[in-house]
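# Coordinate analysis (summary)
Single-letter residue listing:
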Amino acid sequence: MADAALRLQTLFEQLLGAPLPVRIRAWDGSQSGPPGAPTLVVRNRRALRRLLFKPGELGLARAWVAGDLDVEGDLYTALDLMAGLIWERGEDARTLVEALRDPEVRAAVRGLLRLAGPPLPPAPPPEEIRRARGHLHTKRSDRRAISHHYDVGNDFYELVLGPSMVYSCAYWPAPPADGGTLEDAQHDKLELVSRKLGLTSGQRLLDVGCGWGSMAVHAAREHGVHVVGVTLSHEQAAYARKRVADEGLTDRVEIRVQDYRDVADGPYDAISSIGMAEHVGAERYLEYAADLHKLLKPGGRLLNHQIARRPRRDESAYNVDEFIDAYVFPDGELAPVGTTVTQLERAGFEVRDVESIREHYALTLRRWVANLEAGWDAAAGRLASAGRARVWRLYMAASALSFERNRIGVNQVLAVKTPDSGASGLPLRARTWN
């Protein structure tokens, strides 16, 4: 029966309550949907069983990671069309339970069940994290989550991130078409952080979540700073220590496998936290801010570089993205930038500057996706699994679109441990606008 694609299109449109904006090609070779649109390839009936046993984003993610679903055509366009359909339904979209009260939706689900074949739930792909019981954001659970994401293999990250090995938003010229490489833009971001922190020779910098050591090396080499970098990833630490040794900076840079909550050798003149605070969690964020405040000397500066989400009308309804939580950043949480600023000030900081660089992250992610696609055979074979490479391609492309469409943002928050005298140590005109 070579009509599976038309049946799928009809059933999906009944479930979504809107026209499907992409084409479908099914396992029987049939195709249906708008001509010229990107094609969602349903390789087998197992993809449907994944969706039926885990309706929503997690089922789709499992099918994608396992290779049961694919996209032919421009991935960005396909994701944008599908995300637009979902986003337009908004926060008030009906739940699955509410939807199943509709006879047409129930009929569509029964149709999918018949089309899916024998109702055996497929096992999740091996790239999905296996959950351990217990509280979130303990030191043990954070170590496990960080290891899942960062201990994928340094060679894999080199392929994706390029020589800079900076895994956070770059800082691009305006417009980026005027020139400059990803490496140039990452250098400019590290220098931007250094300038905001006012780094000078002889100071002590704590780099929280130091990654592969890029900020630590930059601060020591370019500004003569003594740096302690902390990470929970053993693979990152080994890579960073080798970089430090190769640069001849072992007298100025120390890389530790250590939780930031265990750092006890303050005070520091400055602290950089670049792309780390997303791992902290809402319940622990005030503790995080207070710990960093204690580690700074009076007048010391914190540069907190952090992804933010849009605020919700009902903040209690916020749920972590299922795909990201299961495959990318386990236990990661995003907060609105206003919440972050409030928590930093509650911990005693004076927030002096908030700069949004949202568009810069979209440009960065598109470069990372291009790197991954250019080295796909190595990424999906020698350096990692095909499933892991598919995780990264999907999450980075979808994230690029989210930044471009203002669904998420990224902000650099400069805060000072201002002393009782009120002397912040900042110039009267800290920034110059073009």
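Computed from a predicted model, the values in this text were never measured in an experiment.

Take the pattern of salt bridges next. Note that side chains of opposite charge can pair when their charged atoms are close. Under the defined criterion, the tally for this structure stands at 23 salt bridges. Ionic pairing is found between D269 and K297, a salt bridge with its closest N-O pair at 2.7 Å. Taken together, the residues span a long stretch of sequence, with D269 in strand 8 (residues 268–274) and K297 in strand 9 (residues 296–309) at a distance of 28 residues. With a relative accessible area of 17%, D269 lands in the buried category. Residue classification places K297 among the partly exposed positions, given a relative accessible area of 34%. Each member of the salt-bridge network shares a partner with another, and the members are R204, E254, R256 and D265.

This brings us to the packing of aromatic side chains. Under the defined criterion, the tally for this structure stands at 15 aromatic pairs. For the ring pair F156 and Y157, a centre distance of 6.1 Å and an interplane angle of 85 degrees mean the geometry is edge-to-face. Each member of the pair, F156 as well as Y157, carries the same accessibility label: buried. For the ring pair Y157 and Y167, a centre distance of 5.7 Å and an interplane angle of 65 degrees mean the geometry is edge-to-face. Placement of Y157 in helix 8 (residues 154–161) and of Y167 in the loop between helix 8 and helix 9 (182–197) is noted, with a sequence separation of ten residues between them. The class of Y157 is buried, set by a relative accessible area of 0%. When the ring centre of Y268 is taken as origin, the NZ or CZ atom of R204, which lies over that ring, is 4.1 Å away. One residue, R309, lies across the ring of Y318, its end atom 3.8 Å from the ring centre.

Take helix 9 next. Taking 1.5 Å as the rise per residue, helix 9 with 16 residues should run 22 Å; its terminal C-alpha atoms sit 23 Å apart, in good agreement. Among the residues of helix 9, those classed as buried are L182, A185, Q186, K189, L190, E191, L192, V193, S194, K196 and L197. Just downstream of helix 9, G198 is the residue with a positive phi angle, here 65 degrees.

Taken in spatial order, the seven strands of this open sheet run 7-6-5-8-9-11-10, and their pairing is mixed. The open sheet has two edge strands with one neighbour each: strand 7 (253–257) and strand 10 (350–356). Each neighbouring strand pair of the sheet contributes to a mean axis angle of 15 degrees, computed without reference to strand direction. One ladder, built from six bridges, connects strand 10 with strand 11 (residues 408–416); its direction is antiparallel. Each residue of the ladder has a partner; that of V351, found in strand 11, is A415. Sheet strands in contact with helix 9 are strand 5 (204–208), strand 8, strand 9, strand 10 and strand 11, and its direction is about 140 degrees off that of strand 9. Of the strands in this sheet, strand 9 and strand 11 touch helix 17 (residues 386–404), which is tilted by about 70 degrees from strand 11.

Here we take up the pairing of strand 11. Of all the nine residues making up strand 11, nine are buried; the element is thus mostly covered by neighbouring parts of the structure. Note: strand 9 against strand 11, nine bridges, orientation antiparallel. In the strand pairing of strand 11, L302 is matched with A415.

A few words on the side chain of D353. Along the polypeptide, D353 turns up in strand 10. Reaching out from D353, the side chain makes a polar contact with the side chain of R431 at a distance of 2.7 Å. Those residues within four positions of D353 in sequence are excluded, and the remaining contacts are K196, Q412, V413, L414 and R431.

Basis of the calculations
- Residues numbered from 1 in each chain as written.
- Predicted model: local features only at pLDDT ≥ 70, side-chain atom pairs only at ≥ 80, totals over all residues.
- Heavy atoms only, no water.
- Salt bridge = Lys/Arg side-chain N within 4 Å of Asp/Glu carboxyl O.
- Helix = DSSP H or I, 4+ residues; strand = E, 2+ residues; numbered from the N terminus.
- Buried < 20%, exposed > 50% of the residue type's maximum accessible area, 1.4 Å probe, protein only.
- Phe/Tyr/Trp six-rings, centres within 6.5 Å; stacked < 30°, edge-to-face > 60°.
- Lys NZ or Arg CZ within 6 Å of the ring centre and 35° of its normal.
- Expected span 1.5 Å × (residues − 1).
- Pairing = 2+ DSSP bridges.
- Axes fitted to C-alpha atoms, helices over the stretch in contact; angles between N-to-C directions.
- Contact = heavy atoms within 4.5 Å.
- Polar contact = N/O pair within 3.5 Å; in protein donor to acceptor, adjacent residues only side chain to side chain.

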